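Fold and geometry: a report
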Amino acid sequence: MGCCSSASSAAQSSKREWKPLEDRSCTDIPWLLLFILFCIGMGFICGFSVATGAAARLVSGYDSYGNICGQKNAKLESIPNSGMDHTHRKYVFFLDPCNLDVINRKIKSEALCVAACPRQELKTLSDVQKFAEMNGSALCRYNLKISEYTSSKAPPLCPKLPVPASAPIPFFHRCAPVNISCYAKFAEALITFVSDNSVLHRLISGVMTSKEIILGLCLLSLVLSMILMVIIRYISRVLVWIVTILVILGSLGGTGVLWWLYAKQRKSPKETVIPEQLQIAEDNLRALLIYAIAATVFTVILFLIMLFMRKRVALTIALFHVAGKVFIHLPLLVFQPFWTFFALVLFWVYWIMTLLFLGTTGSAVTNEQGFVEFRLSGPLQYMWWYHAVGLIWISEFILACQQMTVAGAVVTYYFTRDKRNLPFTPILASVNRLIRYHLGTVAKGSFIITLVKIPRMILIYIHSQLKGKENACARCVLKSCICCLWCLEKCLNYLNQNAYTATAINSTNFCTSAKDAFVILVENALRVAAINTVGDFMLFLGKVLIVCSTGLAGIMLLNHQQDYTVWVLPLIIVCLFAFLVAHCFLSIYEMVVDVLFLCFAIDTKYNDGSPGREFYMDKVLMEFVENSRKAMKEAGKGGVADARELKPMASGASSA
């Protein structure tokens, strides 16, 4: 990679011009080597699980006696019915597929290898017998002849009646029920607080009935997010006021519509409604009341916050304008979340597949029911923990690579005086610098987040396992520790992001960059409060706008549908998806704003506008910070941090 020793900061000298982006050297090489060794260990776990035969057991499946379906099997010592020839029996069939053990994440039913899955419901043992005679697929235990399926000894040896219609899962040869009732029972096992099973059935029925509306609304949220990004790029000067007005109108309109729908449905006649639909109508009425009250409280809180920050909203316009220029010069930034999401999905698929391989790796042992399971023993059983740590560290590494890539591209834009001299693709240039110089820094930063996240997850797991068993003091201590670790993780995430920006500027190692970034943030604490807080709040309002718009459209469409279905679950699904989509798009904008501010703070620290030390910043950004300083002084908050007079950009610096 052409590495050399770590470069000393050029900004230490006040006698000469500070030139960022010039010195490039590899940073945190030991951490890069450690990360590579860790990834080799992850690869060893994957190779071991595949090499020990787990792949065949995972893809083809195996019965409760250790026989792999679709092939000849060797006899397992002291295990009956093992060593059978299942060449023509390619599918795994569970005698009671809906008998689920959620805690241990497995089906508690006996599994058999069969020649075909029952495509239609079998209500009696006679139907099971006819299916076996016609298709050659025996659904009862191997030691029971087909002619004995209707005898008195058959019921405990045959599948639970009625046998639901099932179909093979593509590529995995398991017979899965196609009836939704089985999935409803699975959800009932997961959602322990639901005491009335009919409620859950109605929720799931509402989702299935409204699936087209849910898909359409999810697409709407994606379109709205992309439209908002276009608005941010081209009309950033008026974006703040547009978002503010639309949020006010949206919150008022949404609250008004909810109260109107509640009043309308409350007055609607119920004599003509059948009893089953009456219960659904009452559930919808209760849900509407809860939604209306929550929307009213949210609207009041939102108004109070906006009233408090009304004098600083105007100051955000200039910052958004400069950030909009970044997206005009770097349009590929908009697609950065897609590449990151794609990389995460690829890794998660690999991680899950390896986890499934591990689940079928090991020696055959008999469980308490007399069925065969495959378990690891000795030191190999701790591979699960290594694999779990790998999930967190590598996921954080991928996210950190995105932060470093965005920081590198924005830093290149900021510190290039003539924007015509920008690289053809600053994003690809930033990726190139990341791979050549800074993978070790990213590995170290992501490892620090992993060290904080793992204890928090362990405490969350302990809290969930002890729920209802621990005393009030222990519960309070656990929740306090979880909360403190969460706060520490958020603070470290923010510091890491600024450290990556400092690394992109000066090419220093992680610790030096984190120290420099922390010092600069402390020195500019008032500016951080004035810029980041207001800017992040406006981006939050953009997310609220997208969620409210999608939720309002969902309420109107579900109300227009006129089907007596419960709205709760469809609306929750739609609003969660809308928020995630809006967050993915606007988080990049938020990241750009944070990087721009740190670049500005470093620029003003090491340059003063004199000949040879001209500012790199855009003139609009300078005017914004000057106005912010004046506003804070008027509020009685101006101090030493802003005592120095800021000078405008020298004529030689292009503002693009």
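Residues numbered from 1 in each chain as written. Predicted model: local features only at pLDDT ≥ 70, side-chain atom pairs only at ≥ 80, totals over all residues. Heavy atoms only, no water.

Moving on: the overall build of the protein. Helix and strand counts for the protein come out as 17 helices and 8 strands. Here the protein holds 656 residues, and 47% of them are scored as buried. Long-range pairs, those at least 24 residues apart, make up 72% of the contacts in the protein with a sequence separation of at least 6. A total of about 32800 Å² of accessible surface is found on the protein, and carbon and sulfur atoms cover 66% of it. (Helix = DSSP H or I, 4+ residues; strand = E, 2+ residues; numbered from the N terminus. Buried < 20%, exposed > 50% of the residue type's maximum accessible area, 1.4 Å probe, protein only. Contact = heavy atoms within 4.5 Å. Areas by Shrake-Rupley, 256 points an atom, 1.4 Å probe, with all protein chains shown as cover.)

Summed over the entire model, instances satisfying the criterion amount to 3 disulfides. Disulfide pairing is shown between Cys-69 and Cys-113; the S-S distance is 1.9 Å. Handedness here is read from the sign of the S-S torsion; for Cys-69 and Cys-113, about -80 degrees, the answer is left-handed. With Cys-69 in the loop between α1 (29-60) and β1 (91-94) and Cys-113 in strand β4 (residues 111-114), this pair connects stretches of sequence that are 44 residues apart. Relative accessible area serves as the criterion here: at 2%, Cys-69 is assigned to the buried category. (Disulfide = S-S within 2.5 Å.)

Within the sequence span of helix α2 (residues 125-135), burial applies to Leu-125, Val-128, Gln-129, Phe-131 and Ala-132. Down the axis of α2, the smallest arc covering the buried residues is 160 degrees, so these residues share one side. For α2, exposure combined with an orientation more than 90 degrees from the buried face picks out Lys-130, Glu-133 and Met-134. The first or second residue beyond α2 is Gly-136, which carries a positive phi of 70 degrees. (Arc of directions from axis to C-beta.)

Packing of helix α12 (residues 426-465) against helix α13 (residues 472-506) leaves a shortest axis separation of 9 Å and a crossing angle of 170 degrees. The pairing of α12 with α13 is recorded here as roughly antiparallel in orientation. Class assignment for the residues of the contact of α12 with α13 results in 16 nonpolar, 8 polar and 5 charged. (Axes fitted to C-alpha atoms, helices over the stretch in contact; angles between N-to-C directions. Parallel < 35°, antiparallel > 145°, perpendicular 65-115°, else oblique. Nonpolar A, V, L, I, M, F, W, Y, C, P; charged D, E, K, R; others polar.)

Take the nonpolar core next. Counting residues in hydrophobic clusters, the biggest one holds 56 residues, and the most contacted among them are Val-326, Phe-327, Leu-333, Val-410, Tyr-414, Val-592 and Leu-596. Elements with a minimum of two residues in this core: α5 (211-234), α7 (275-308), α9 (316-329), α11 (383-414), α13, α14 (510-523), α15 (525-561) and α16 (568-606). Per-element accounting of this core gives the leading share, 18 residues, to α16. Grouped together as the second largest cluster of nonpolar side chains are 26 residues, Tyr-65, Leu-95, Ala-111 and Phe-131 included. (Core = buried A, V, L, I, M, F, W, Y, C linked by side-chain atoms within 4.5 Å.)

Moving on, we get to the packing of aromatic side chains. Scanning all chains against the criterion turns up 15 aromatic pairs. Centroid distance Tyr-414 to Phe-415: 4.8 Å. Interplanar angle 65 degrees. Geometry classified as edge-to-face. A relative accessible area of 3% places Tyr-414 in the buried class. The exposure class of Phe-415 is buried, given its relative accessible area of 6%. (Phe/Tyr/Trp six-rings, centres within 6.5 Å; stacked < 30°, edge-to-face > 60°.)

What follows is about the side chain of Asn-496. Inspection of the secondary structure puts Asn-496 in helix α13. For Asn-496, a relative accessible area of 4% translates into the label buried. Those residues in contact with Asn-496, other than ones at most four positions away along the chain, are Gly-445, Ile-449 and Phe-510.

Along β4, one buried face is formed by Ala-111 and Cys-113 and the opposite face, lined by Leu-112 and Val-114, is buried too. Here β1 runs beside β4; their pairing, made up of 4 bridges, is antiparallel. Looking across to β4, one finds that Tyr-91 is bridged to Val-114. (Pairing = 2+ DSSP bridges.)

Quick look at the pattern of salt bridges now. Side chains that carry opposite charge are capable of pairing whenever their charged atoms lie near each other. Summed over all chains, the structure comprises 6 salt bridges. Between Lys-453 and Glu-489 there is a salt bridge, and its shortest N-O distance comes to 3.3 Å. Of this pair, Lys-453 sits in helix α12 while Glu-489 sits in helix α13; the two residues are 36 residues apart in sequence, bridging distant segments of the chain. Note on accessibility: Lys-453 and Glu-489 belong to one class, buried. Glu-489 is the partner of Arg-456 in a salt bridge, and the nearest nitrogen-oxygen pair spans 3.0 Å. Here the residue Arg-456 occupies a position in helix α12, and Glu-489 occupies one in helix α13, the gap between them amounting to 33 residues. Take Arg-456 and Glu-489: they sit in the same class, and that class is buried. One connected set of salt bridges, linked through shared partners, spans Glu-396, Lys-453, Arg-456 and Glu-489. (Salt bridge = Lys/Arg side-chain N within 4 Å of Asp/Glu carboxyl O.)

Okay, the environment of Ala-400 next. If you trace the backbone, Ala-400 turns up in helix α11. Taking the C-alpha atoms as reference points, Ala-400 and Gln-497, separated by 97 residues in sequence, lie 7.8 Å from one another.

Take the side chain of Asp-63 next. Here Asp-63 is to be found in the loop between α1 and β1. Separated by 2.8 Å, the side chain of Asp-63 and the backbone nitrogen of Asn-67 make a polar contact. Within the structure, the side chain of Asp-63 is placed 2.8 Å from the side chain of Tyr-142, a separation counted as a polar contact. Beyond its immediate stretch of four places on either side in the chain, Asp-63 contacts His-86, Ala-111, Leu-112, Cys-113 and Tyr-142. (Polar contact = N/O pair within 3.5 Å; in protein donor to acceptor, adjacent residues only side chain to side chain.)

As a further point, take the confidence of the model for the protein. With 75% of its residues at a pLDDT of 70 or more, the protein has an overall mean of 77. Here residues 1-16 is modelled with pLDDT under 50, and outside its nearest four sequence neighbours on either side it reaches 25 contacts, counting other chains as well. In the predicted structure, residues 637-656 sits below a pLDDT of 50 and forms 46 contacts with residues beyond four places in sequence or in another chain. (pLDDT = per-residue confidence, 0-100.)

Before going further, it helps to spend a moment on a nonpolar patch on the surface. Residues Ile-29, Leu-33, Ile-36, Leu-37 and Ile-40 make up a contiguous nonpolar surface patch of roughly 470 Å² in combined accessible area. By relative accessible area, Ile-29 is classed as partly exposed at 36%. (Patch = residues over 30% accessible without salt bridge, like charges linked within 9 Å, V, L, I, M, F, W, Y side chains within 5 Å.)

Take the packing of α11 against α13 next. Across the interface, α11 lies against α13 with an axial gap of 9 Å and an inter-helix angle of 45 degrees. When the axis of α11 is compared with that of α13, the two are oblique. Considering only the axes of α11 and α13, their crossing is right-handed. Residues Glu-396, Ala-400, Gln-403, Met-404, Ala-407, Gly-408 and Val-411 of α11 form the contact with α13, whose participating residues are Asn-493, Gln-497, Tyr-500, Thr-501, Thr-503, Ala-504 and Ile-505. (Left-handed = near helix turned anticlockwise from the far one by under 90°.)

Here the second largest pocket is characterised by a volume of approximately 1200 Å³. Along the walls of the second largest pocket sit 33 residues, with Leu-399, Gln-403, Lys-490, His-583 and Ser-587 positioned nearest its centre. Put simply, the parts of the chain that give the lining of the second largest pocket at least two residues each are α10 (336-359), α11, α12, α13, α15 and α16. (1 Å grid on protein atoms, 1.4 Å probe; cavity = no way out; pocket = protein on both sides within 12 Å on 5 of 7 lines; lining within 4 Å. Points joined across faces, edges and corners; volume = space filled by probe spheres on them.)

Another point: unusual backbone geometry. Across the chain, the bulk of peptide bonds are trans and the bulk of non-glycine residues have phi less than zero. With an omega dihedral of -10 degrees, the bond running from Leu-161 to Pro-162 counts as a cis peptide bond. Looking at the element boundaries, Pro-162 is found in the loop between α2 and β5 (166-168). Of note in the backbone geometry, Asn-81 takes a positive phi value of approximately 65 degrees without being a glycine. The residue Asn-81 is located in the loop between α1 and β1 in this model. Residue Asn-81 is classed as partly exposed on the basis of its relative accessible area of 29%. Phi is positive for Ser-507, which is not a glycine, with a value near 60 degrees. In this fold, Ser-507 is placed in the loop between α13 and α14. Ser-507 gets classed as buried once you look at its relative accessible area, which sits at 0%.

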